[in-house]
Every structure is written in structure tokens, then in C-alpha cells.
Amino acid sequence: MRLVFAGTPEVAVPALDALLASDHEVVGVITRPDAPSGRGRKLVASPVAQRAEELGLPVLKPTHPREPDFQAELRALGPDCCPVVAYGALLPQSALDIPPHGWVNLHFSCLPAWRGAAPVQHSIWAGDEVTGATTFRIVKELDAGPTFGVMTERIRDEDTAGDLLARLAEGGAGLLVATIDGLADGSIVAREQPEDGVSFAPKINVEDARIDWTMAGHLIDRQVRACTPAPGAWSLFEGERIKIGRVTVVDELVPAGVIDVRKNHVLVGTGTYAVLLGEVKAFGKKQMAAADWARGARLESGARLGVA
């Protein structure tokens, strides 16, 4: 089939590469417009755009997919199907109707669980043992279209959102190619999603990532892993934000939010058992081991996190 691929972040690149290596023909790419990045806030093309430009593929960057000029360009490319991975814009029905086989999305959850922008983060935060990826036909309702295929992936105890998403991106790329293969030869059938088991995964913002040290230690561990690498779990220390890297629950009791400085490590109390801090990024500093941060800041046991 003739394909026009839609995607934006790095996590979408494995799927684009897999489709390029398949028997199908990728005739163009759709991605979000260039965005400011870095200290200089220079406009930078998305990872998908950069990969497509390396390969000499036509790249469409509409401000919004409802734009008539964009839709005319898409029609001119003549796609049979538009595979999608993390494109990041809502598609109007007028755009959905252009390819005969529709727009087929690779979503990083086992639908109908965790519909929305942050399925991987929410699955870790909720303590799910298994997640996966699903291919489905895009409809106007959020992530509610009929599904084609699914893969599953165990969530490891140490997984951050970044770790898990990287594995799902690689495994999901094969699932997306298999789905396009099935649409091409007519061997795959779309199945409506069940009404039971629907849950939602809205985008996690910076305020959501603030740690409440009165929560149980295992819940803080989940929150930190779910928010790594972005937006990054954080707490206040002496009125300034510090980012908190991975933590480990230990069999010790320390009052919630209180820092216990040891020779080679740092504990922080929670609502249950204390957590061992991994890495910390203080304001204006590089990320470093918690013990190094404590020495540099001349911390003593009894100081508190989470206090303005």
C-alpha cells in the first residue's frame, strides 16, 4: 500500500523505519511544525521530520490538519492508509476520510485501558503489571476506534516511563507493520472496543509530578518512575525545586519528608517506609548522586523536603 506516516517524537521513529523496511511504499510524512528548543529557543524540526528529511521523503507540517492546503497536499500523495504514532494533533473527519483504509494508530496501551496522551506513565503510576500496544482505526472519539491487533509487555519493577516506552516503540513497530500487511491482503478484521474497562490517561503536567511525602513509599516510587524522564518528579528544598530521580523503598522508618543523611546515601521519610534517593538535580546544578548533593549542600539529618 501507499502510506503517508504521521508522527512527531523520537518514539515514533522506530515505526517509520519499520514501515520503510516493509513491502509497502512510504510516500510522505506528516508531523507537527518545528518547535522552539534549547536555551536559544531556536526552531527545531521534530525527530520524525529529521528522519524523513534524511531519507528525502516529502514532509508536511500543518499548523492544524483541518487546513485545506494540507488536505489538498495529502490527497495529491494518494495514500491508501495513514499509519500514526504519537502525531499530537486532533484529526478532523475531512482528513480522516482521505485514505481509503483510514488512519491506523499505534497506541501504547491495551485498549480500552488508558485512552489519552500519557498511557505509559499512567500504567506505571497505577501499578499495572502488564501493558502493551494496540493498533486501531482512528475515529473522532478519543482512542475509541475499532482495534486490529495488540501486543503485551510486562512492566518491570524498575521501569521508568522512558524505559517502558522505548520497548513498546520497538515492539509496536512490528505490530503496526503486521496490521498494514493485514489490511493490504484483507486478512485482518477490526473489532469494536468493549465498553467495560475504559480508563483515561490525560497528559501529566509539572504540578502533577510534585511529590507528596506523606504518601506511601511504594506510591512515591511509582510516581517518580512514571514521571521519568518527563516532566520529572520534584520536591521543594529550602524554597527551590529539586528534581528527584529513581528511588528505592527500604525497610526503615523516617518521618515523612525528613532527610536522613548517611555516609554514602540519603534517605527520605514517607507515609510508610523510607525511600533511598538515587539522583537529584538541584536548581542550577547538574544531576548528581544524592550523597554528592548532600555533601555539596552540607545537609544534616533532620532537614525536610516539600517545605516552601
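Rules and cut-offs
Residues numbered from 1 in each chain as written. Predicted model: local features only at pLDDT ≥ 70, side-chain atom pairs only at ≥ 80, totals over all residues. Heavy atoms only, no water. Helix = DSSP H or I, 4+ residues; strand = E, 2+ residues; numbered from the N terminus. Buried < 20%, exposed > 50% of the residue type's maximum accessible area, 1.4 Å probe, protein only. Contact = heavy atoms within 4.5 Å. Patch = residues over 30% accessible without salt bridge, like charges linked within 9 Å, V, L, I, M, F, W, Y side chains within 5 Å. Areas by Shrake-Rupley, 256 points an atom, 1.4 Å probe, with all protein chains shown as cover. Salt bridge = Lys/Arg side-chain N within 4 Å of Asp/Glu carboxyl O. Pairing = 2+ DSSP bridges. Right-handed = clockwise from strand over helix to strand, strands pointing away. Core = buried A, V, L, I, M, F, W, Y, C linked by side-chain atoms within 4.5 Å. Phe/Tyr/Trp six-rings, centres within 6.5 Å; stacked < 30°, edge-to-face > 60°. Lys NZ or Arg CZ within 6 Å of the ring centre and 35° of its normal.

Here we come to the side chain of Gln 223. If you trace the backbone, Gln 223 turns up in helix 7 (residues 217-226). Residue classification places Gln 223 among the buried residues on the basis of a relative accessible area of 2%. Contact partners of Gln 223, with chain neighbours within four places excluded, come to Trp 125, Asp 208, Ala 209, Arg 210, Ile 211, Asp 212 and Met 215.

Bringing a nonpolar patch on the surface into the picture now. On the surface, Leu 142, Val 198 and Phe 200 cluster together into a nonpolar patch covering about 250 Å² of accessible area. Looking at the element boundaries, Phe 200 is found in the loop between helix 6 (161-185) and helix 7.

Turning to the sheet that holds strand 2 (residues 25-30), a few remarks are in order. Strand order in the open sheet made by the seven strands is 5-2-1-6-7-8-9, with mixed pairing throughout. The strands lining the two open edges of the sheet, one partner per strand, are strand 5 (59-60) and strand 9 (147-154). Relative to strand 2, strand 1 (residues 2-7) runs parallel, the two being bridged by five bridges. Considered in strand 2, the bridge of Val 4 is made with Gly 28.

A full pass over the atoms with the stated rule returns 13 salt bridges. The salt bridge partner of Asp 34 is Lys 61, with a shortest N-O separation of 2.7 Å. On the criterion of sequence distance, the pair formed by Asp 34 in the loop between strand 2 and strand 3 (35-37) and Lys 61 in the loop between strand 5 and helix 3 (68-77) is long-range, its members being 27 residues apart. For Asp 34, a relative accessible area of 32% translates into the label partly exposed. What makes Lys 61 partly exposed here is its relative accessible area of 28%. Among the charged side chains, a network of salt bridges with common partners joins Asp 17, Arg 51 and Glu 54.

What follows deals with the pairing of strand 2. Moving residue by residue along a regular strand, the side chains alternate between the two faces of the sheet. Among the six residues that make up strand 2, five are buried, leaving the element largely enclosed by the rest of the structure. Each parallel crossover has a hand, and the one from strand 1 via helix 1 (residues 13-20) to strand 2 is right-handed. The pairing of strand 2 with strand 5 spans two bridges and is classified as parallel. Residue Val 29 lies in a different strand from strand 5, and its bridge partner there is Val 59.

As a further point, take the nonpolar core. By size, the foremost hydrophobic cluster in this structure holds 36 residues, and its most contacted members are Phe 5, Leu 19, Val 85, Phe 108 and Ile 180. Put simply, the parts of the chain that give this core at least two residues each are strand 1, helix 1, strand 2, helix 2 (47-54), strand 7 (103-107), helix 5 (119-125), strand 9 and helix 6. The element best represented in this core is helix 6, accounting for ten residues. Excluding residues that lie within four positions of it along the chain, Leu 19 makes contacts with Leu 3, Phe 5, His 24, Val 26, Pro 83, Leu 176, Val 177 and Ile 180.

Attention now goes to the packing of aromatic side chains. The final tally for this structure, using the stated rule, is one aromatic pair. Taking the ring centre of Trp 234 as reference, the NZ or CZ of Arg 241 above it sits at 4.1 Å.

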